[in-house]
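Listed below, chain by chain, are the residues.
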Amino acid sequence: CAKAFAFDTETTSINPIDSELVGMSFAMTAHEAYYVPIPADRNKAEAIVEIFRSALENAHTLKVGQNIKYDYIVLRNYGVTVQGPMFDTMIAHYLLQPEQRHNMDYLAEVYLQYRTISIEKLIGAKSKNSITMRQVAVEEVCTYAAEDADITWQLYQKLSEELKKEQMTTLFETIEMPLVKVLVEMEIAGVKVDVEALQSSAQSIEQRIATLEEEIYQLA
C-alpha cells in the first residue's frame, strides 16, 4: 500500500454538494497517473467508488489534493469519508505566498514551468452554453484529469520541501489541514436561517435608514 498518493475528482458542477462524479484520477509518481471514469448511473457509480474506499479511508496514507475540501465533500456524497493525513497544495502555497494566486495553472507554471490543459478547452468558457464534463469524450477527460493528479503530486513534492525550508510544516500539519475537515462539516451541515426574523430585521433597518435620511435632509 502506498504511503501517499494524489487524487482528484472530475464532476458535473463546481458546487460539491450537488455535483455528480464523472471520474477520479490518481498519481503517486511524477509523470504517471491513472484515470477511472464514473458512469452516470448512481448504483454503478457507487460500486466503482467502493473499490477505492480502502485506499481513501486508510488512516495511515497521506492524501494529496488541490483544494482537497472539494473532493472530500464530493466523495462524502458517495458514501466515502477521506481519512488520514492530508496535504492540500493550494493551502500550502497560501502559507508560503499569501499574496499570490493559488490555482493549479499558476502553480504549475511557477514551480514546474509547465502549462496545464485549460478546462475551457473541454467545456467552454463559463456561460449558459458551456457543457459539463459528463458531455466531454472520455479520452479528453482522461488526459485532463490524469494531468491534474500528476501536477498535484509534483507540486506536493515541491511545496512540502518549501514548507520545511520555511519552518511551516508544523503549522500546516497541526492547524491548517485539520481545519479542512471542520470546514467540510460546516459546509455539509449548512446554516439554518430564520426567514421571518431576517425579514423583520430588514424592515427595521429600512425604516431606520428612512428616518436618518429625513433627519439629514432637514439639517441640510
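Here the structure is a predicted model, which is why all the values come from computation and not from measurement.

Student: Quick question: what am I supposed to make of helix H5 (residues 104–112) here?
Tutor: Given 3.6 residues per helical turn, the α-helix brings residues three or four places apart onto the same face. Of all the positions in H5, only Met104, Tyr106, Leu107, Ala108, Tyr111 and Leu112 are classed as buried. Considering only its buried residues, H5 is in contact with helix H4 (89–96) and helix H7 (138–165).

Student: Is there a simple way to explain unusual backbone geometry in this structure?
Tutor: Both trends apply: most residues other than glycine have a negative phi, and most peptide bonds are in trans. Look at asparagine 67: it is not a glycine, yet its phi comes out positive at around 60°. For asparagine 67, a relative accessible area of 29% puts it in the partly exposed group. Even without glycine at this site, glutamine 167 takes up a positive phi of about 55°. Taking relative accessible area as the criterion, glutamine 167 reaches 74% and is therefore assigned exposed.

Student: Please clarify how the pattern of salt bridges should be interpreted in this entry.
Tutor: Pairs can form between side chains of opposite charge once their charged atoms are near each other. Here the structure, examined in full by the defined rule, presents eight salt bridges. For the salt bridge of arginine 134 with glutamate 20, the shortest nitrogen-to-oxygen distance reads 3.3 Å. With arginine 134 in the loop between helix H6 (120–123) and H7 and glutamate 20 in the loop between strand E1 (4–11) and strand E2 (21–29), the pair connects residues that are 114 residues apart, well separated along the chain. Residue class for arginine 134 comes out partly exposed when judged on its relative accessible area of 27%. Among the residues examined, glutamate 20 registers a relative accessible area of 38% and is labelled partly exposed. Note that glutamate 187 is salt-bridged to lysine 69, the shortest N-O span being 2.7 Å.

Student: Looking at this structure, how should I read a nonpolar patch on the surface?
Tutor: The grouping of Leu179, Val182, Leu183 and Met186 at the surface amounts to a nonpolar patch, some 350 Å² of accessible area in total. With respect to the helices and strands, the residue leucine 183 is situated in helix H8 (residues 169–189).

Student: In this structure, what is going on with the nonpolar core? I would like to understand it.
Tutor: Here is a general trend for soluble globular proteins: nonpolar side chains tend to be buried in one another's company. Leu75 and Phe87 are the most contacted members of the largest nonpolar core, which totals 48 residues. Of the residues forming this core, the biggest block, seven residues, is contributed by H7. Not counting chain neighbours up to four residues away, the residues in contact with leucine 75 comprise Phe7, Thr9, Leu21, Met24, Val49, Leu56, Val80 and Val82. Among the nonpolar cores identified, the runner-up in size contains nine residues, and Tyr35, Ile123, Tyr144 and Ala145 belong to it.

Student: I keep staring at the packing of H5 against H7 and nothing clicks. Help me out?
Tutor: Packed helix pairs are characterised by how far apart their axes lie and by the angle those axes make with each other. Two elements in contact, H5 and H7, have axes separated by 10 Å at closest approach and are oriented at 60°. If you check the angle between H5 and H7, you find them oblique. The two elements H5 and H7 cross, and the hand of that crossing is left-handed. Contacts between H5 and H7 involve Met104, Leu107, Ala108, Tyr111 and Leu112 from the first element and Asp148, Ile151, Thr152, Gln154, Leu155, Lys158, Leu159 and Glu162 from the second.

Student: Would you mind going over the side chain of threonine 9 with me for this structure?
Tutor: Relative to the assigned elements, threonine 9 resides in strand E1. Under the relative-accessibility criterion, threonine 9 is labelled buried at 5%. A distance of 2.6 Å separates polar atoms of two side chains, one belonging to threonine 9 and the other to aspartate 71. Not counting chain neighbours up to four residues away, the residues in contact with threonine 9 comprise Leu21, Gly23, Met24, Tyr70, Asp71, Val74 and Leu75.

Thresholds applied
- Residues numbered from 1 in each chain as written.
- Predicted model: local features only at pLDDT ≥ 70, side-chain atom pairs only at ≥ 80, totals over all residues.
- Heavy atoms only, no water.
- Buried < 20%, exposed > 50% of the residue type's maximum accessible area, 1.4 Å probe, protein only.
- Helix = DSSP H or I, 4+ residues; strand = E, 2+ residues; numbered from the N terminus.
- Contact = heavy atoms within 4.5 Å.
- Salt bridge = Lys/Arg side-chain N within 4 Å of Asp/Glu carboxyl O.
- Patch = residues over 30% accessible without salt bridge, like charges linked within 9 Å, V, L, I, M, F, W, Y side chains within 5 Å.
- Areas by Shrake-Rupley, 256 points an atom, 1.4 Å probe, with all protein chains shown as cover.
- Core = buried A, V, L, I, M, F, W, Y, C linked by side-chain atoms within 4.5 Å.
- Axes fitted to C-alpha atoms, helices over the stretch in contact; angles between N-to-C directions.
- Parallel < 35°, antiparallel > 145°, perpendicular 65-115°, else oblique.
- Left-handed = near helix turned anticlockwise from the far one by under 90°.
- Polar contact = N/O pair within 3.5 Å; in protein donor to acceptor, adjacent residues only side chain to side chain.

Nothing here speaks to function; it is geometry throughout.
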